[in-house]
Amino acid sequence: MDKVDKIFDTFARNRLFVNKMVLQSSYSPETILHRTEQIEKIASILAPVLGGDKVSNLFLYGKTGTGKTLSARYVGEKIESRAREGKQEDLKFLYVNCKSRKVSDTEYRIIAELINLLGDKVPATGLPTEAVYSKFVELVDARKRVVVLVLDEIDQAVKKISDGFLYTLTRLNSDLRNAQISLIGISNSLTFMDDLDPRVRSSLGEEEVVFPPYNALQLKDILSVRAEKAFVKGSLGEGVIAKCAAYAAKEHGDARRALDLLRVAGELVVRAGGEKISDKHIDEANKKIEKDKTLDIIESGTTQSKLVLYSIVQLDVDKSFKSIFTGDVFNIYQENCLRTKNEILTQRRVGDLIGEFDMFGIINARVISKGRQGRTREIKLMLPPSVRNKAREILERDLDL
DNA sequence: CGAGATTCATGTGAAGTATACCTTTAGGCTTAA
DNA sequence: AAGCCTAAAGGTATACTTCACATGAATCTCGTA
């Protein structure tokens, strides 16, 4: 039989997933567990919009995967549907993720996206930012209503642009005659507010809701509910959910991570033609996610960073070096540059690149002093052999070696 | 023999440069009235 | 005249370089016992 047919067959025979969507991070469940307090607080702050009043600006903090976006959307949808029932249509939630590729992180495009959501168009480029703002104001102000802007990953946007952008937004209300704008900012960084212009801080942070990380127990609840829907009954082995929860709890209680683990584990089982997930698969999935993440970092690096990493990998494979120092890496790196006809960067720069790999956790670099032999970094490659070999393949391919 | 100076190989910081990509702006062209 | 498009002008992020100075323990120096 054709191999492709076989692949399709295993897939069709899949007796594991009922609905994989449930495990995707874009899925929004009907009920959100362990966030009642936060949701109630958001709801009580936003409730006045139902009466057509402007509400306080709101700020949501919390690490990734703590349900910020989910809760905000949930409350938003509830309020919108409530407003529709009450035949009060002059209420609008506009949700923008400031980091998504479409919006890309410029002030212009964020506003352009907002206009888009209001059902209008602006050219992708060419207009002065000022003009885009006034177009937006005009659209919003077309009739009497309340508009709530939800700005997700706002810290990213502010890092890219200046906080003057937020200032403009908070001041937008003074240009409006009919409508009212409220802002909801969502941020991963807990310290984000600290380095904002005080004027912005006071008006944006009128109300704050903090999303603490989920603990292992809560993660377990969340996973159970979702797994119920995602998988065929009885396909989860003993302790699988607990294991996922434990892994994710270690990663600052990241529910997204927990769901990913479960999904990837499922995919692994399906591909192997199995029908039951055991906790071994969770370990495998964890490794796979880690591996994909590091390989992703490696692949998306520049040619120069690949050359540096390749040199480190070479030294790591060659066991005659007991420990690897910056100087060794630089020497090998120069040879590699000559071989691949790339320009040779200064050692200063190569040192920084090594530092970046350290940040990503691909290597472990400790600054040590070797006395008369000066100071240097002692470098250890932190990839398990299988990942290291895969990484080497990728590097050799990308560098034409 | 030990306190202090020296030294090495590189870390680290600041400031400058080249490049690519974006936004802005102004001028010209088109279109509708 | 208003609107639209485009090319040049001006900005800004990135990926580097250059220069300058900092580090910290092995090693050397030299005064002292």
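That block above? That's the structure.
Scope of this entry: the structure provided in the associated data block. (Residues numbered from 1 in each chain as written. Chains lettered and ligands numbered in written order. Predicted model: local features only at pLDDT ≥ 70, side-chain atom pairs only at ≥ 80, totals over all residues. Heavy atoms only, no water.)

1. Re the sheet that holds strand β8 (residues 375-381)
Strand-to-strand pairing in sheets goes through backbone hydrogen bonds, with the strands running parallel or antiparallel. With respect to topology, three strands assemble into an open sheet ordered β6-β8-β7, the strand pairing being antiparallel. Looking at the sheet topology across the chains shown, the edges are occupied by β6 (324-325) and β7 (363-369). Sheet analysis places β6 next to β8, joined by two bridges and oriented antiparallel. Bridged to Ile-324 within β8 is Ile-379. (Pairing = 2+ DSSP bridges. Helix = DSSP H or I, 4+ residues; strand = E, 2+ residues; numbered from the N terminus.)

2. Section: the pairing of strand β3 (residues 146-152)
Counting buried positions along β3 yields seven of seven residues, so the element is predominantly enclosed. Both faces of β3 are covered, namely the face carrying Val-146, Val-148, Val-150 and Asp-152 and the face carrying Val-147, Leu-149 and Leu-151. Across seven bridges, the pairing between strand β2 (residues 91-97) and β3 is parallel. Note that in β3 the partner of Lys-92 across the bridge is Val-147. Bridging between β3 and strand β4 (residues 180-187) involves six bridges; their strand directions are parallel. Bridging from a neighbouring strand, Val-148 pairs with Ser-182 of β4. (Buried < 20%, exposed > 50% of the residue type's maximum accessible area, 1.4 Å probe, protein only.)

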